[in-house]
Amino acid sequence: MLGPRFHLDHMFSRRRLSAYVDGELGPDERRRVARHVEECEDCGRVERSLRRLIGGLRLLGGGRPPTLADDAIERVRAADGPAERARSA
Ligand SMILES: [Zn+2]
């Protein structure tokens with residue numbers, strides 16, 4: 001199930017996860033990383049951590065506040081694995 005394609009996508013995605021979360025990837029790269037984080041538990045976890053971190057930085061920096069939808073997604077994600085860090089910033 002985890003063939004060579006998976007491994008290549010894994011290397012590809014790991015290098016681009018932060019750019020992906022920042023929305024800096026082009027459509028093709030973005031699609032490839034999006035597909036990978038869906039099937040790779042490891043990268044999925046990193047992606048969630050990055051999103052949480054960036055969300056926290058945005059709040060601290062006075063950027064756009066998270067929308068209700070973002071907040072709901074965040075709660076679902078937080079419930080879906082061991083909490084890495086409480087959202088107490
Ligand atoms: Zn991966």
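In this text the structure is predicted, and so the values were computed from the model without any measurement.

Which parts of the structure should I look at to understand the overall build of the chain?
Scanning the chain from terminus to terminus reveals four helices and zero strands. Along the chain, helices (α) and strands (β) appear in the sequence α-α-α-α when read from the amino end. Put simply, the chain has 89 residues, and 9% of those count as buried.

I'm lost on helix H2 (residues 27-39) in this one. Help?
In an α-helix, one turn spans 3.6 residues, which is why side chains three or four residues apart end up on the same side. Taking 1.5 Å of rise per residue, 13 residues should cover 18 Å, and H2 covers 19 Å from first to last C-alpha, within 8% of that figure. On the buried face of H2, the contacting elements are helix H1 (4-21) and helix H3 (41-60).

Even after reading the chapter, I still don't get the packing of H1 against H3, so can you show me in this structure?
For any two helices packed against each other, the geometry is given by the interaxial angle and the distance between the axes. The interhelical angle for the contact between H1 and H3, taken along N-to-C directions, is 15°, at an axis separation of 9 Å. Relative to H3, the element H1 is oriented roughly parallel. For the element pair H1 and H3, the recorded crossing hand is right-handed. When H1 is examined against H3, the residues His10, Ser13, Arg14, Leu17, Ser18 and Val21 are found in contact with a partner set consisting of Cys43, Val46, Glu47, Leu50, Arg51 and Ile54. Split into classes, the residues belonging to the contact of H1 with H3 amount to six nonpolar, three polar and three charged.

Sorry if this is basic, but what is going on with the confidence of the model for the chain here?
Low-pLDDT portions of the prediction should not be read for the details of their coordinates. Counting all residues, the mean pLDDT for the chain is 83, and 79% of those residues have values of 70 or more. When mean pLDDT is taken per element in the chain, H2 scores highest with 97 and helix H4 (residues 68-78) scores lowest with 72.

Honestly, the packing of H1 against H2 in this entry has me stumped. Any pointers?
Contact geometry for H1 and H2: axes closest at 9 Å, N-to-C directions at 110°. Considered as vectors, H1 and H2 are oriented roughly perpendicular to each other. Each of Asp9, His10, Phe12, Ser13, Arg16, Leu17 and Tyr20 in H1 lies in contact with H2, whose residues at this interface are Glu29, Arg30, Arg32, Val33, His36 and Val37. Among the residues forming the contact of H1 with H2, the class breakdown is five nonpolar, three polar and five charged.

Conventions adopted
- Residues numbered from 1 in each chain as written.
- Predicted model: local features only at pLDDT ≥ 70, side-chain atom pairs only at ≥ 80, totals over all residues.
- Helix = DSSP H or I, 4+ residues; strand = E, 2+ residues; numbered from the N terminus.
- Buried ≥ 20, exposed ≤ 12 C-beta atoms within 10 Å, placed from the backbone.
- Expected span 1.5 Å × (residues − 1).
- Contact = placed C-beta atoms within 7 Å.
- Axes fitted to C-alpha atoms, helices over the stretch in contact; angles between N-to-C directions.
- Parallel < 35°, antiparallel > 145°, perpendicular 65-115°, else oblique.
- Left-handed = near helix turned anticlockwise from the far one by under 90°.
- Nonpolar A, V, L, I, M, F, W, Y, C, P; charged D, E, K, R; others polar.
- pLDDT = per-residue confidence, 0-100.

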